[in-house]
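# Tertiary structure, described
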Amino acid sequence: MSEPSPFPPAAPLPRRVDTGLYLVATPIGNLRDMTLRALDVLAAADLVLAEDTRVTAKLLSAYGLKARLERCDDHASGRAAEQAIERVREGQVVALVSDAGTPLVSDPGFVVARAVIAEGLPVHPIPGASSLLAALCIAGLPADRVLFAGFLPPKTAGRTAALEGLKSQRQTLVFFESGPRLKDSLSDMAAVLGPRPAAVARELTKLYEECVRGTLNDLAVDPRLDSPKGEIVVVVGPGEEIPATEADADAALIDALRTLSTGDAASEVAKALGLNRKTLYRRALELKGK
């Protein structure tokens, strides 16, 4: 007896696509990560705005699709926005795609989406592959509170300044990075953020998918991460909570007492700093008496 096929005998019939601008996620490497809704939209699109028309042409060809393609990179987004508005007003379907993954996430397209929204025209997300979410899934780090910081500046001075601004955040941090800059970025992260747990994910969904985990200090000297190839996502765990000092509590109470009663001020500061309310209430009374 033969094993049953893991796939349905036939794909669902294409769905009707209404007029509007569609922000369509495309595979980040593995072509089988294309969604049926994305195929519906691209098949129905009167115009496809693409970060690189050559890349998108190959994607469409892989699925037997043809569409009118227009460039929508950082230099052409203004013209692309005008085209999208004109086409949607005429009742047409416009799709916007990046080279890989979800549009607008460190990719061109924001200008187009904002312009169409400003005109009161319909804009729809077609979710799918995302290297940010894929890396978070396999990093082994907290994913309940996340701050996506995109690409850091290319030079050490700018990178260090940007990392200093993120140092106090208590969320997991996610960065995009290129292979040639990865080593320097990890070194700067280790210097500013300390030995936090982290993960470097590359070639996600592809044949040579890899996720290297360790502290930032260890990753910065790991020979496997010397100018690796492929798209790279760096996930950095949240920093340790730093207990509030008496000076911190006093400063917060003084600020809260300007607008709140003694009890409410103590409650607000207790919640914000994780301190005992009764202790803060007594201290608030002392501060008011001064």
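Residues numbered from 1 in each chain as written. Predicted model: local features only at pLDDT ≥ 70, side-chain atom pairs only at ≥ 80, totals over all residues. Heavy atoms only, no water.

The helix and strand tally for the chain stands at eleven helices and ten strands. In terms of overall dimensions, the chain has C-alpha extents of about 75 × 55 × 50 Å along its principal axes. The buried share of the chain, taken over its 290 residues, is 41%. For the chain, long-range pairs separated by at least 24 residues make up 70% of all intrachain contacts whose partners lie at least 6 apart in sequence. When the accessible surface of the chain is totalled, it reaches about 16,300 Å², and 54% of it is carbon and sulfur. Looking at the chain, you have 34 positive and 37 negative side-chain charges, and the mean spots of the two groups are 2 Å apart. (Helix = DSSP H or I, 4+ residues; strand = E, 2+ residues; numbered from the N terminus. Buried < 20%, exposed > 50% of the residue type's maximum accessible area, 1.4 Å probe, protein only. Contact = heavy atoms within 4.5 Å. Areas by Shrake-Rupley, 256 points an atom, 1.4 Å probe, with all protein chains shown as cover. Lys, Arg positive; Asp, Glu negative; His and termini not counted. Charge placed at Lys NZ, Arg CZ, Asp CG, Glu CD.)

Our next topic: unusual backbone geometry. Trans peptide bonds make up the majority, and among non-glycine residues the majority have a negative phi. With a phi angle near 55°, Ser106 is a residue other than glycine that sits in the positive phi range. Structurally, the position occupied by Ser106 is in the loop between strand E4 (93-97) and helix H4 (110-118). Residue classification places Ser106 among the partly exposed residues on the basis of a relative accessible area of 37%. With a phi close to 50°, Ser227 is a non-glycine residue in the positive phi region.

Summarising burial for strand E10 (residues 232-236): five of the five residues are buried, a large majority. Burial of the side chains of E10 extends over both faces: Ile232, Val234 and Val236 are buried on one face and Val233 and Val235 on the other. Bridge analysis of strand E8 (residues 197-202) against E10 gives five bridges, and the strand direction is antiparallel. Within E10, the residue paired with Val200 across the bridge is Val234. (Pairing = 2+ DSSP bridges.)

Here we come to the pattern of salt bridges. Within this structure, the stated rule accounts for 15 salt bridges. A salt bridge links Arg89 to Glu119; its shortest N-O distance comes to 2.3 Å. Of this pair, Arg89 sits in helix H3 (residues 77-89) while Glu119 is found in the loop between H4 and strand E5 (123-126), placing the two residues 30 residues apart along the sequence. Overall, Arg89 belongs to the exposed group, its relative accessible area being 56%. According to the relative accessible area criterion, Glu119 is partly exposed, its value standing at 40%. Residues Arg224 and Asp222 are paired through a salt bridge, measuring 2.8 Å at the closest nitrogen-oxygen approach. For Arg224, a relative accessible area of 48% gives the class partly exposed. Through salt bridges with shared partners, one network takes in Arg68, Glu70 and Arg79. (Salt bridge = Lys/Arg side-chain N within 4 Å of Asp/Glu carboxyl O.)

This part takes up the packing of aromatic side chains. Per the counting criterion, the structure on display carries two aromatic pairs. Measuring from centroid to centroid gives 5.0 Å for Phe148 and Phe176, while their planes differ by 65°, and the two rings are edge-to-face. Of this pair, Phe148 sits in strand E6 (residues 146-151) while Phe176 sits in strand E7 (residues 172-177), placing them 28 residues apart in sequence. Residue classification places Phe148 among the partly exposed positions, given a relative accessible area of 30%. Judged by centre distance (5.7 Å) and plane angle (65°), the rings of Phe151 and Phe176 are edge-to-face. One end of the pair, Phe151, is in strand E6; the other, Phe176, is in strand E7, with 25 residues separating them in the sequence. The class of Phe176 is buried, set by a relative accessible area of 10%. (Phe/Tyr/Trp six-rings, centres within 6.5 Å; stacked < 30°, edge-to-face > 60°.)

The subject of this paragraph is the packing of helix H6 (residues 156-166) against helix H7 (residues 179-193). With their axes 10 Å apart at the nearest point, H6 and H7 run at an angle of 40° to one another. As the angle between them shows, H6 and H7 are arranged oblique. Here the hand of the crossing between H6 and H7 comes out right-handed. Residue-level contacts link Thr156, Arg159, Thr160, Leu163 and Glu164 of H6 to Asp184, Ser185, Asp188, Met189, Val192 and Leu193 of H7. Its residues assigned to classes, the contact of H6 with H7 shows four nonpolar, three polar and four charged. (Axes fitted to C-alpha atoms, helices over the stretch in contact; angles between N-to-C directions. Parallel < 35°, antiparallel > 145°, perpendicular 65-115°, else oblique. Left-handed = near helix turned anticlockwise from the far one by under 90°. Nonpolar A, V, L, I, M, F, W, Y, C, P; charged D, E, K, R; others polar.)

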